[in-house]
Amino acid sequence: MPPSVRVWRSVRDGGDTKTKKSRRTLALPVRCLWALTARKADQDAERRTAGDDWQETGLVFTSKIGTALDAANIRRAARRVAKLAGLNEKEWTPASCGTASSRCSPTAA
């Protein structure tokens, strides 16, 4: 069986999909499998580092203690990436990346 992900939950109240027919399994490209496997290894290391502070949520992308990411987490991460890339982190913001149709760009000076 090829790598896949089950889409059987949703953000609806109660967490269930709208109908049983909308439950489906989606095939994943091998590249995604590699990325998720690497992410799991990173998260296992974060879990060990956090120790008793870790909060298991079952999420793939979390804070360093396992909690859901919020806007502040995303802004801090974006600033770190910009700085590591040699950019002025104060000129870049995730707000400029808000929609699928927009491109990330520096904020207006």
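Scroll up to find the structure this text is about.
Residues numbered from 1 in each chain as written. Predicted model: local features only at pLDDT ≥ 70, side-chain atom pairs only at ≥ 80, totals over all residues. Heavy atoms only, no water.

Draft legend 1. Looking closely at the overall build of the chain. Helices and strands together make up the secondary structure of the chain, namely two helices and two strands. For the chain, the N- to C-terminal ordering of α and β elements is β-β-α-α. For the chain, the residues scored as buried account for 12% of the 109 residues in total. Working note: accessible area of the chain is about 8,900 Å², and carbon and sulfur atoms make up 58% of it. (Helix = DSSP H or I, 4+ residues; strand = E, 2+ residues; numbered from the N terminus. Buried < 20%, exposed > 50% of the residue type's maximum accessible area, 1.4 Å probe, protein only. Areas by Shrake-Rupley, 256 points an atom, 1.4 Å probe, with all protein chains shown as cover.)

Draft legend 2. Spotlight on the pattern of salt bridges. Within the structure shown, the criterion is met by five salt bridges. The shortest N-O distance in the salt bridge between E46 and R39 comes to 3.3 Å. R39 sits in the buried class, given a relative accessible area of 14%. Salt bridges here are not isolated pairs; linked through shared partners, they connect K40, D44, R47 and E56. (Salt bridge = Lys/Arg side-chain N within 4 Å of Asp/Glu carboxyl O.)

Draft legend 3. Examining helix 2 (residues 71-84) more closely. Taking 1.5 Å per residue as the helical rise, helix 2 with its 14 residues ought to reach 20 Å, and the 20 Å between its terminal C-alpha atoms agrees with that figure. G86 lies just past helix 2 and shows a positive phi near 85°. (Expected span 1.5 Å × (residues − 1).)

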